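Here's the letter readout for the chains.
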Amino acid sequence: MPATELDQIVNLCKRRGFVYPSAEIYGGFRSTYDYGPLGSLLLRNVKEAWVRAMVQQRDDVVLIDAAILGPPQVWEASGHLSNFTDPLVDCTNCKNRFREDKLDDPNTCPSCGAKNSFTEAREFNLMFKTQAGPVEGSGADAYLRPETAQGMFTNFGQVLQTTRKKPPFGIAQVGKSFRNEITPQNWIFRTREFEQMELEFFVPPAEGPQWYEYWCNERLDWYVRHGIPADMLRIRAHDDDELSHYSTGTSDVEFTFPWGWDELEGIAQRTDYDLKQHSEHSGERLDYFDQPNNERYVPYVIEPAAGATRTMAAFLLAAYDEEEVGDGDKSDVRTVLRLHPRLAPYKVAVLPLSKKDTLTPLAHEVRKLVGDRYMVDYDETQSIGKRYRRQDEIGTPLCITVDFDSLDDNAVTVRERDTMEQVRVPIAELMPLLTDKLGF
């Protein structure tokens with residue numbers, strides 16, 4: 001069964017080196033996390049799986065990497081300086097601050113229980129503001145981007161010219177974003193520093209609705225293809241009062257987290273709002289000339305925007321399993337992360353049966369052979385049973401055991417994580433077997 005409590009994953013991730021509280025030796029810094037040896041690999045694999053599906057396997061999407069810092073003009077044109085706000089209230093009794101729109105009861109403080117103790121709501125802009133250059137002042141103001149989207153819009157003309165693409169086509173980007181969240185919560189789900197995987201898909205205006213439906217279905221299916229059970233996912237259309245100022249329709253891909261259904265990804269119909277805004281504020285034309293039809297138009301945009309870090313959390317929660325193995329007094333409970341092979345931090349673990357010098361040279365040869373293609377863990381400490389359990393718990397799909405018979409028959413034992421089945425295979429035939437079992 002998938003994890004039902006967030007602490008199951010939080011504890012495993014700290015113990016095994018997926019996610020650490022940032023600067024913990026100094027007491028930590030609220031809502032910031034460091035990704036350890038396994039977490040950095042898992043997060044990278046999530047992003048690479050997204051790029052593979054959204055860019056590599058398509059001929060209508062290109063990838064860019066835009067700057068994190070941006071001038072105020074970009075965010076004025078996008079509407080973020082005036083619209084990217086949360087309504088905040090303060091409790092006059094306990095002095096805590098809350099988002100008004102997230103209160104279960106707008107007349108009762110969730111912290112101290114005081115009635116009618118809130119101040120009037122004030123708008124708080126979520127953008128991080130900084131200074132660029134050595135001189136402070138309004139002329140040196142800059143902002144950390146709150147989303148990756150605007151870099152795709154400001155580069156639309158240049159991408160159009162250099163790639164010779166024509167609508168429908170997309171610009172994709174993966175990168176850091178920053179939001180000064182008042183109520184960061186639920187581990188890595190909502191943090192002030194996070195990573196996004198976004199696509200801006202530019203289409204002829206008349207084709208907007210059909211592409212919106214296409215991307216809703218495609219993005220939901222991507223999570224299923226990578227291991228999340230379909231019954232843990234749903235598409236939820238936004239009500240009119242939830243829509244952003246630029247959207248004529250938005251749907252969320254939601255996952256059933258331990259605290260309930262919550263957003264993994266939003267798919268928005270942004271129409272031509274962004275390109276027209278940037279064109280107006282910059283004075284540059286951001287449109288497309290359709291030569292065959294002798295028509296010039298500003299494309300509409302469909303935007304699937306996913307959070308890489310919260311997606312990683314969902315994959316971990318869905319993959320977590322505890323099962324009883326063995327019989328009677330010899331039964332045991334093993335913890336398994338049934339991660340999709342493309343997402344698993346290590347695809348293969350090489351485990352010499354002994355640390356003796358007679359065995360380790362061959363084990364290292366096997367590690368080098370497999371490591372040229374796959375990310376490999378090498379572990380020679382403790383009993384082979386405990387090492388299998390360790391690899392199960394971090395999600396490694398396959399283990400290769402090099403034993404003393406390997407010195408004579410030049411073969412190794414390959415064990416599968418999910419079934420625990422083992423097969424003996426000659427080293428000369430090892431790579432084709434791994435490719436078949438991993439699927440790539």
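Everything discussed here concerns the structure shown above.
Residues numbered from 1 in each chain as written. Predicted model: local features only at pLDDT ≥ 70, side-chain atom pairs only at ≥ 80, totals over all residues. Heavy atoms only, no water.

## Observations concerning the overall build of the chain
Piece 1. In terms of helices and strands, the chain carries 13 helices and 24 strands.
Piece 2. With the C-alpha coordinates of the chain rotated into their principal frame, the extents come out at 75 × 65 × 50 Å.
Piece 3. Looking at the chain residue by residue over its 440 residues, the buried ones come to 50%.
Piece 4. Intrachain contacts of the chain at a sequence separation of at least 6 include 64% that bridge at least 24 residues.
Piece 5. Accessible area of the chain: about 21,300 Å², with a carbon and sulfur share of 47%.
Piece 6. Of the charged side chains in the chain, 50 are positive and 71 negative; the average position of the first set lies 4 Å away from that of the second. (Helix = DSSP H or I, 4+ residues; strand = E, 2+ residues; numbered from the N terminus. Buried < 20%, exposed > 50% of the residue type's maximum accessible area, 1.4 Å probe, protein only. Contact = heavy atoms within 4.5 Å. Areas by Shrake-Rupley, 256 points an atom, 1.4 Å probe, with all protein chains shown as cover. Lys, Arg positive; Asp, Glu negative; His and termini not counted. Charge placed at Lys NZ, Arg CZ, Asp CG, Glu CD.)

## Considerations on the packing of aromatic side chains
Piece 1. A full pass over the atoms with the stated rule returns 18 aromatic pairs.
Piece 2. Seen from their ring centres, Phe153 and Phe202 are 6.2 Å apart, and the 85° between their planes marks the pair as edge-to-face. Of this pair, Phe153 sits in helix 5 (residues 149-154) while Phe202 sits in strand 11 (residues 193-203), and the two are 49 residues apart along the sequence. Per residue, the accessibility class of Phe153 equals that of Phe202, and both read buried.
Piece 3. Judged by centre distance (5.9 Å) and plane angle (65°), the rings of Trp222 and Phe315 are edge-to-face. Here Trp222, found in helix 7 (residues 208-225), pairs with Phe315, found in helix 9 (residues 308-319); they are 93 residues apart in sequence, far enough to count as distant. For the pair formed by Trp222 and Phe315, the shared burial category is buried.
Piece 4. Here a set of aromatic residues connected by ring pairs shows up, and it is made of Phe153, Phe156, Phe169 and Phe202.
Piece 5. It is Arg342 that lies over the ring of Phe440; its NZ or CZ is 4.2 Å from the centre.
Piece 6. A cation sits over an aromatic face here: Arg415 above Tyr388, 4.4 Å from the ring centre. (Phe/Tyr/Trp six-rings, centres within 6.5 Å; stacked < 30°, edge-to-face > 60°. Lys NZ or Arg CZ within 6 Å of the ring centre and 35° of its normal.)

## Description of the nonpolar core
Piece 1. With 58 residues, the main nonpolar core has Phe18, Trp187, Tyr223, Ile228, Phe255 and Leu316 as its most contacted residues.
Piece 2. For this core, the secondary structure elements donating two or more residues are helix 1 (6-16), helix 2 (37-56), strand 11, helix 7, strand 13 (249-257), strand 14 (260-271), strand 17 (300-307) and helix 9.
Piece 3. When residues in this core are grouped by element, the largest group, 10 residues, is from helix 2.
Piece 4. The contacts of Tyr223, once residues within four sequence positions are left out, are Ile228, Leu233, Val253, Leu264, Glu265, Ala306, Thr311 and Phe315.
Piece 5. Counting 21 residues, the second largest nonpolar core, distinct from the first, contains Ala363, Tyr374, Val376 and Leu430. (Core = buried A, V, L, I, M, F, W, Y, C linked by side-chain atoms within 4.5 Å.)

## Some details on the sheet that holds strand 22 (residues 398-402)
In sheet architecture, strand pairing relies on hydrogen bonds along the backbone and comes in two forms, parallel and antiparallel.
Piece 1. Spatially, 5 strands are ordered 21-20-22-23-24 in an open sheet, and the strand pairing comes out mixed. The two strands at the open ends of the sheet, each matched to only one other strand, are strand 21 (376-378) and strand 24 (422-426). In this sheet, adjacent strand axes meet at a mean angle of 25° when their direction is disregarded.
Piece 2. As defined by bridge partners, strand 22 adjoins strand 23 (residues 411-416) across 4 bridges and the pair is classed as antiparallel. Bridged to Ile400 within strand 23 is Val414.
Piece 3. The strands touched by helix 11 (residues 384-394) within the sheet are strand 20 (348-352), strand 21, strand 22, strand 23 and strand 24, with strand 20 carrying the most contacts at an inclination of about 170°.
Piece 4. Against the sheet, helix 13 (residues 430-438) engages strand 20, strand 22, strand 23 and strand 24, with an angle of about 5° to strand 23. (Pairing = 2+ DSSP bridges. Axes fitted to C-alpha atoms, helices over the stretch in contact; angles between N-to-C directions.)

Function-wise, these values are silent; they only describe arrangement.
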